[in-house]
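Given next are the chains, with one letter for each unit.
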Amino acid sequence: MSIAFDETGRPFIIVREQDKKERLKGIEAVKANIAAAKAVSRTLRSSLGPKGMDKMLQNQDGEVTVTNDGATILQQMDLQHQIAKLMVELSKAQDDEIGDGTTGVVVLCGALLERAERLIDHGIHPSRVSEGYETACDLSTELLERISDEITLNDTKLTEMKKVAMTTLNSKIVNRFKDKLADICVSAVLSVADFDRKDVNLDLIKVEGKVGGKLEDTNLVNGILAIDKDFSHPQMPRRVEDAKICILTCPFEPPKPKTKHKLEIDSVEKYKDMQKAEMEYFQDMVKKVKDSGANLVICQWGFDDEANHLLYKAGLPAVRWVGGVEIELIALATGGRIIPRFSEISPEKLGRAGVVKEVHFGTTRDRMIVLEDCAKSKAVTIFVRGGNQMILEEAKRSIHDALCIVRNLVVV
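First, a word on scope: everything that follows refers to the structure included in this document. Here the residue numbers are simple positions, counted from 1 along each chain's written sequence. The predicted nature of this model means local features are confined to residues of pLDDT at least 70 and side-chain atom pairs, given and counted, to a pLDDT of 80 or more, with totals for whole chains, interfaces and linings taken over all residues. To get the side-chain values, all heavy atoms of the structure are used, and hydrogens and water are removed first.

1. Quick word on the nonpolar core
- Residues belong to one nonpolar core when they are buried, are Ala, Val, Leu, Ile, Met, Phe, Trp, Tyr or Cys, and are joined through side-chain atoms within 4.5 Å. Exposure is judged per residue with a 1.4 Å probe applied to protein chains only, and the accessible area is read against the type maximum: over 50% gives exposed, under 20% gives buried, and values in between give partly exposed. Of all hydrophobic cores here, the largest spans 42 residues; its most connected members are Ile245, Leu248, Phe252 and Val289.
- Of all the elements in the fold, those that place two or more residues in this core are β10 (239–248), α8 (268–291), β11 (296–299), α9 (305–313), β12 (318–319), α10 (324–334), β14 (351–361) and β15 (366–374).
- Among the elements that make up this core, the one with the highest residue count is β10 (six residues).
- By the convention used here, residues are in contact when the closest approach between their heavy atoms is within 4.5 Å. Residues contacting leucine 248, with those up to four places away along its chain left out, are Val297, Ile298, Cys299, Gln300, Ile327, Ile339, Phe342 and Ile345.
- In this structure, Cys185, Val192, Leu215 and Ile399 belong to the second largest nonpolar core, which totals 27 residues. Here a helix means four or more residues in a row that DSSP labels H or I, a strand means two or more in a row labelled E, and each is numbered from the N terminus.

Okay, structure coming up:
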């Protein structure tokens, strides 16, 4: 192949020995497409079922992924053939619609195409094979509807839902703890389900993880693991009941002029006057928060030791340096308003939560802030633990599949 230019300077490609190349047509093209689909199916076949093996995948950046999730494997494969790309889309559609069975649907497709190839070899036209498969699909759907069982929410059926979740987890890396994880998944889905509308918003179920601990340390939090922070003062209480949260995006510090100024202090009295003015400013800010009825402060910015000490003396636990995304999440969950200025603080703008607490875990004593029983959200969090990042990510994928399957039992 070479590049040439016409009289106007526009480039065009000359493909060498083009006359010797042949384009596949008819049955040969069909068989070539079937061969590509069978190759993808064979790749996933060894990871199907409880005896299936995991695949280790490495991307261009050298990052390693260990999984037996069909959709994840196919997404990370560099496929060029168009029919192979269709198999990836098939697996993705299964993942989006059902949430599980991404490996099985590709293996089934490969098996059907393999049988179709035998029928084509016997002289049956591909259109007739396709019509036969459509008829078989209709018959299979009718049979499944006849033998299906209706799920009603009582203790017996909850056990059945748990069994379905355990079946999903049985072929995953977390299968040793499938009993506990199935319980967690069923409880999480039922916590956020709208039974009147038969709808489950999976966005209300957050799956968070932190490296460390064991898989069996995974637990369900009735609220949100909002921020990877701790309370600003070591002597502040680590648990706040019936929290009224003041959500601030303004710092606990005196206002700074927008133009450059130089302040000269040439005596002890002037320094004390400046310190007194600064103290009065801090006290006024703390008083405004206290008068609103708040018993917890969450601030997007930091504050110095003086403001921190005054908050502690006033009995106001505080969390500082909270990111903008976490601030918005807390405001939505608690029903609070984000307050940009101290002059706008009012009781109506406070968020509310049943319990706000600081939790510790791991040998490194990592800390996180947990908000439970939030006023405006039924959100729950599945907090996953694992020995390393690969185990953690695979456990998250497994739990997501189980959540989707339990969701499907509720919305039918």
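2. What about the packing of α8 against α9?
- Orientation is described by lines fitted to C-alpha atoms, with helices fitted over the stretch in contact, and by angles between N-to-C directions that extend from 0 to 180 degrees. For the pair α8 and α9, the least separation of the axes is 10 Å and the interaxial angle reads 45 degrees. What the angle tells us is that α8 and α9 run oblique. The chirality of how α8 crosses α9 is right-handed. In this structure, α8 uses Glu278, Met279, Phe282, Gln283 and Val286 to contact α9, whose residues at the interface are Glu306, Ala307, Leu310 and Leu311.
- Counted by class, the contact of α8 with α9 contains six nonpolar, one polar and two charged residues. When an angle is under 35 degrees it counts as roughly parallel; over 145 it counts as roughly antiparallel; between 65 and 115 it counts as roughly perpendicular; any other value is oblique. Handedness of a crossing is defined here by the sense of rotation of the near helix relative to the far one, left-handed for an anticlockwise turn of less than a right angle and right-handed for a clockwise turn. Nonpolar residues are Ala, Val, Leu, Ile, Met, Phe, Trp, Tyr, Cys and Pro. Charged residues are Asp, Glu, Lys and Arg, and all others, Gly as well, are polar.

3. Observations concerning α10
- Listing the buried residues of α10 in full gives Ile327, Ile330, Ala331, Ala333 and Thr334.
- Where α10 ends, the next residue or the one after it, glycine 335, has phi of about 75 degrees, a positive value.

4. Concerning unusual backbone geometry
- Phi is positive for tryptophan 321, close to 55 degrees, though the residue is something other than glycine.
- When you line up the elements, tryptophan 321 lands in the loop between β12 and α10.
- For tryptophan 321, a relative accessible area of 49% corresponds to the partly exposed category.
- Backbone geometry places aspartate 373, a non-glycine residue, at a positive phi of 55 degrees.
- By secondary structure assignment, the location of aspartate 373 is in strand β15.

5. Considerations on the sheet that holds strand β8 (residues 219–221)
- The three strands are arranged β7-β16-β8 in an open sheet whose pairing can be described as mixed. The open sheet has two free edges, formed respectively by β7 (205–211) and β8, since each of these has just one partner strand. Taking each pair of neighbouring strands and ignoring which way they run, the sheet shows an average axis angle of 25 degrees.
- Examined bridge by bridge, β7 and strand β16 (residues 380–386) share seven bridges and lie parallel to one another. Counted as the bridge partner of valine 211 is glycine 386 from β16.
- Each of β7, β8 and β16 is contacted by helix α7 (residues 178–192), which is oriented at about 160 degrees to β16, the strand it contacts most.
- Where helix α11 (residues 389–411) meets the sheet, it contacts β7 and β16, and its direction lies at approximately 160 degrees from that of β7. By this definition, two strands are paired if DSSP reports at least two bridges between them.

6. Things to note about helix α1 (residues 26–45)
- Given a rise of 1.5 Å per residue, 20 residues ought to cover 28 Å, and the 29 Å separating the end C-alpha atoms of α1 matches this to within 8%.
- Turning to α1, its buried residues are Ile34, Ala36, Ala37, Lys38, Val40, Ser41 and Leu44. The span expected for a helix works out to 1.5 Å for each residue beyond the first.

7. Focus: the packing of α1 against helix α3 (residues 82–97)
- Remark: α1 packs on α3, axes separated minimally by 8 Å, with the N-to-C direction vectors making an angle of 45 degrees. With respect to their mutual orientation, α1 and α3 come out oblique. When you trace α1 past α3, the crossing you get is right-handed. Contacts from Asn33, Ala37 and Val40 of α1 reach α3 at Ile83, Ala84 and Met87.
- When its residues are assigned to classes, the contact of α1 with α3 shows five nonpolar, one polar and no charged.

8. Describing a nonpolar patch on the surface
- Patch membership needs two things, relative accessible area over 30% and no salt bridge, and members are linked within 9 Å if like-charged or within 5 Å if nonpolar (Val, Leu, Ile, Met, Phe, Trp, Tyr). The Shrake-Rupley method, run with a 1.4 Å probe, gives the accessible areas here. Residue values count only the displayed protein chains as cover. By definition, a salt bridge exists where a carboxyl oxygen of Asp or Glu is found within 4 Å of a side-chain nitrogen of Lys or Arg. A cluster of nonpolar side chains, Leu263, Ile265, Tyr271 and Met274, forms an exposed patch at the surface whose accessible area comes to about 400 Å².
- Along the chain, isoleucine 265 turns up in the loop between β10 and α8.
- Among the residues examined, isoleucine 265 registers a relative accessible area of 35% and is labelled partly exposed.

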